[in-house]
Amino acid sequence: MKDTALSKIHESLGAKMVPFAGYNMPVQYEGVKAEHEVVRTGVGVFDVSHMGEFMLKGERALDLIQLVSSNDASKMVDNQAQYSCMPNNDGGIVDDLIIYKKNDNEYFLVVNASNIEKDWNWISSHNDMGVEMTNLSEEYSLLAVQGPKAAEAMQSLTHLDLANIKYYTFDEGTFAGIDNVIVSATGYTGSGGFELYIKNEDAEKVWNAIFEAGADWGIKPIGLAARDTLRLEMGYCLYGNDINDSTSPLEAGLGWVTKFTKKFINSEALAAQKEAGITRKLVGFELVERGIPRHDYPIVDADGNEIGIVTSGTMSPSTGKAIGLGYVPKDLSSPGSEIFIQVRNKNIKAVVVKPPFYKA
Amino acid sequence: MNVPADLKYTKDHEWIKVEGDVATIGITDFAQSELGDIVYVEIETEGETLDAEEVFGSIEAVKTVSDLFMPIAGEVTQINEEIESNPEVINSDAYNAGWLIKVKISDASQIEGLMSAEAYQELIG
């Protein structure tokens, strides 16, 4: 199991550490509910250095990205970021990712930790365009400073105007005395904030500076457990739970990043699926009766017939409601539809709702 | 971790307090700490007589769900009502206000098979 540059610090802070995608990661510090609340109302910091980073350089970098990704990267301007997914040839998804455009010849891709090798091999196998690819995953640390107070709490560390970095854009500059830090107005929480890409050797210095600067705002370290409840409240997909090699981006509600304005891997089959109409759909739901949905619990109809599967579920710390995502047949996918979640052989009534489950 | 000396324990991380033929049962401080924030407890076995090791309910933390096992055989006579509306009391006070059920003990000899505080402390390290 690999350590991030900060694993020792997490241990010294009393974090509960777990193996995640091959890394020794902090799952919680003081407790998931308290950490969740810190991000929703203040500012918190996640070490998500397990995430993978690839640099793609060259005149045809955009061509390669357009081929492997479903969103239209040609629409991006410099310093813009774009959420996208990489379809496979069989109707499913290789991974979801964020593409950063540095300039016409330079793109930075951020992928899920569990898929780094798969993604690298997949993109490489389609690179007959002479694009120079570098896997920076082992060299870069990623800190996500998230929450409504992130900009004001971090402003003293940088000359960049944090409050004016627009959502899904980024800037590069000196942060905590370190040059060339990518400061991206992205995140996986729905509460605003930044993601900072820094070299491993600078990670500890930046981490410490963040906690010094943020002390007056009550900044706290946040574990992966709260990262999951925060993203689920927003209805964001998690690869391996809600999307995988066999789920269609259209079924998963990722039609908004699946653009048929261009050709990409499996685009013809996906266009045909769009034309024919999908038969199942990933939806959000809330339990009406008591219980908590969990990954892989069956979804059943009023007669108890299995009609789908829960892909993510939790008790929402912000709302106190039991919430989840799952696949259901198209005709039960509209908000208000009544479905049942099978929890330990009992069918618990639930209602389909349109995420986000929590609105700031 | 807090392991009161006057209680009995199981390898499933439950504590048992015996008073006459009534046992009060809860989960240990170690168990609540491992589970994290507890958000829901489901116990629907009141009035039922269960064997040792049988599941009497389940406990849900934000991230995980865990079965609850009978440490000894007996009839579930009472459920702690407090934990229905306020399950986090199990995190804050596992050995007192966070108790789960009371059981009328079927076979007192089973108590001898439970772990002492010392043995349990050794188990959790």
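Residues numbered from 1 in each chain as written. Chains lettered and ligands numbered in written order. Predicted model: local features only at pLDDT ≥ 70, side-chain atom pairs only at ≥ 80, totals over all residues. Heavy atoms only, no water.

Digging into the overall build of chain A
Here comes step 1: What chain A contains, in helices and strands, is 8 helices and 20 strands.
Here comes step 2: Relative to the globule expectation of 21 Å for 360 residues, the C-alpha radius of gyration of chain A, 20 Å, shows essentially globular dimensions.
Here comes step 3: Each of the three principal axes of chain A carries a C-alpha extent, and together these read 60 × 50 × 40 Å.
Here comes step 4: In chain A, buried positions account for 59% of the 360 residues.
Here comes step 5: Considering only residue pairs separated by 6 or more positions, chain A has 65% of its internal contacts joining residues 24 or more positions apart.
Here comes step 6: Counting every atom, chain A has about 14400 Å² of accessible surface; 49% of that belongs to carbon and sulfur.
Here comes step 7: Looking at charge distribution, chain A has the averaged site of its 33 positive side-chain charges lying 6 Å from that of its 48 negative ones. (Helix = DSSP H or I, 4+ residues; strand = E, 2+ residues; numbered from the N terminus. Rg over C-alpha atoms; globule rule 2.2 N^0.38 Å. Buried < 20%, exposed > 50% of the residue type's maximum accessible area, 1.4 Å probe, protein only. Contact = heavy atoms within 4.5 Å. Areas by Shrake-Rupley, 256 points an atom, 1.4 Å probe, with all protein chains shown as cover. Lys, Arg positive; Asp, Glu negative; His and termini not counted. Charge placed at Lys NZ, Arg CZ, Asp CG, Glu CD.)

Re helix H4 (residues 117-124) of chain B
Residue and element names in this part refer to chain B.
Here comes step 1: All of the buried residues in H4 are Ala117, Tyr120 and Ile124. Buried residues in H4, looked at end-on, bunch into an arc of 65°, giving them a common side. Exposed residues pointing more than 90 degrees away from the buried face of H4 are listed as Glu118 and Glu122.
Here comes step 2: Buried-residue contacts for H4 involve strand S1 (8-9) and helix H1 (29-35). (Arc of directions from axis to C-beta.)

Notes on the sheet that holds strand S4 (residues 38-42) of chain B
Residues and elements named next belong to chain B.
Here comes step 1: Taking strand neighbours across the sheet as the criterion, the 3 strands line up as S4-S6-S7 in an open arrangement whose pairing is antiparallel. Of all strands in the sheet, those with a lone pairing partner are S4 and strand S7 (65-69), marking the two edges. Averaged over all adjacent pairs, the angle separating strand axes in this sheet is 25°, with direction ignored.
Here comes step 2: Both S4 and strand S6 (residues 55-61) contribute to a ladder of 4 bridges, which runs antiparallel. Each residue of the ladder has a partner; that of Tyr40, found in S6, is Glu60. (Pairing = 2+ DSSP bridges. Axes fitted to C-alpha atoms, helices over the stretch in contact; angles between N-to-C directions.)

Focus: the sheet that holds strand S2 (residues 16-20) of chain A
Residues and elements named next belong to chain A.
Here comes step 1: In spatial order, the strands read S1-S3-S2; together these 3 strands make up an open sheet with mixed pairing. The outermost strands of the open sheet, each flanked by one partner alone, are strand S1 (2-3) and S2.
Here comes step 2: With 2 bridges joining them, S1 and strand S3 (residues 23-28) adopt parallel strand pairing. Counted as the bridge partner of Lys2 is Tyr23 from S3.

Thoughts on the pairing of strand S20 (residues 346-353) of chain A
Residue and element names in this part refer to chain A.
Here comes step 1: Two elements, strand S15 (residues 280-287) and S20, share 4 bridges in a ladder whose sense is antiparallel. Bridge pairing in S20 links Glu286 to Val351.
Here comes step 2: Here 6 bridges tie strand S19 (residues 338-343) to S20, and the two strands are oriented antiparallel to one another. Each residue of the ladder has a partner; that of Phe340, found in S20, is Lys349.

Focus: the interface of chain B and chain A
Here comes step 1: Across the boundary between the two partners, chain B contributes 18 residues, which contact 18 residues of chain A.
Here comes step 2: Across the chain B/chain A interface, buried area totals approximately 1600 Å², and carbon plus sulfur atoms make up 44% of it.
Here comes step 3: Per-residue buried area on chain B facing chain A is highest for Tyr40, Val62 and Lys63 of chain B; these three make up 37% of the total on that side.
Here comes step 4: Across the chain B-chain A interface, the total number found is 7 salt bridges.
Here comes step 5: Its salt-bridge partner being Asp228 of chain A, residue Lys63 of chain B comes within 2.7 Å of it at the nearest N-O pair. (Buried area = accessible area lost by both parts, 1.4 Å probe. Salt bridge = Lys/Arg side-chain N within 4 Å of Asp/Glu carboxyl O.)

Things to note about the nonpolar core
Here comes step 1: By size, the foremost hydrophobic cluster in this structure holds 49 residues, and its most contacted members are Phe46, Val48, Tyr100, Phe108, Tyr197, Ile243 and Leu254 of chain A.
Here comes step 2: Sequence-distant contacts of Val48 of chain A, that is, excluding residues within four places in its chain, are made with Met25, Leu142, Ala144, Leu224 and Arg227 of chain A. (Core = buried A, V, L, I, M, F, W, Y, C linked by side-chain atoms within 4.5 Å.)

Brief notes about the pattern of salt bridges
Here comes step 1: Tallied over the full model, the rule gives 25 salt bridges over all chains.
Here comes step 2: Lys8 of chain A serves as the salt-bridge partner of Asp3 of chain A, at 3.3 Å between the closest nitrogen and oxygen.
Here comes step 3: Beyond isolated ion pairs, a larger network of salt bridges with shared partners links Arg294, Arg344 and Lys346 of chain A together with Glu42, Glu44 and Glu60 of chain B.

Here's the deal with the domain arrangement of chain A
All names here are of chain A.
Here comes step 1: For chain A, the assigned domains read domain 1 (2-48 + 139-233), domain 2 (53-135) and domain 3 (279-360).
Here comes step 2: Taking only C-alpha atoms, the centre of domain 1 and the centre of domain 3 are 31 Å apart.
Here comes step 3: Contacts between domain 1 and domain 3 engage 7 residues on the former and 12 residues on the latter.
Here comes step 4: Buried surface at the junction of domain 1 and domain 3, summed over both partners, amounts to about 830 Å²; 63% is from carbon and sulfur atoms.
Here comes step 5: On the domain 1 side of the contact with domain 3, Arg40, Leu232 and Glu233 bury the most area, a combined 66% of that side's loss.
Here comes step 6: Our count for the contact surface shared by domain 1 and domain 3 stands at 0 salt bridges.
Here comes step 7: Where domain 1 touches domain 3, the interface holds 7 residue pairs in polar contact (both at pLDDT 80 or more).
Here comes step 8: When contributions to the side of domain 1 that touches domain 3 are tallied by element, the ones reaching two or more residues are helix H2 (32-41) and helix H7 (224-234). (Domains from an automatic or database assignment. Polar contact = N/O pair within 3.5 Å; in protein donor to acceptor, adjacent residues only side chain to side chain.)

Overview of unusual backbone geometry
Residues and elements named next belong to chain A.
Here comes step 1: Residue Pro355 is joined to Pro356 through a cis peptide bond whose omega torsion reads 5°.
Here comes step 2: Positive phi, close to 60°, is recorded for Tyr168, a residue that is not glycine.
Here comes step 3: Residue position: Tyr168 is located in the loop between helix H5 (150-154) and strand S11 (170-175).
Here comes step 4: Classification of Tyr168 as buried rests on a relative accessible area of 18%.
Here comes step 5: Phi at Ala176 is positive, roughly 55°, even though this residue is not glycine.

What about the environment of Met154 of chain A?
Residues and elements named next belong to chain A.
Here comes step 1: Relative to the helices and strands, Met154 resides in helix H5.
Here comes step 2: Separated by 21 residues in sequence, Met154 and Phe175 place their C-alpha atoms 9.1 Å apart.
Here comes step 3: What Met154 contacts, discounting residues up to four positions off in sequence, is Val145, Leu162, Phe175, Ile210, Ala213, Gly214 and Ile219.

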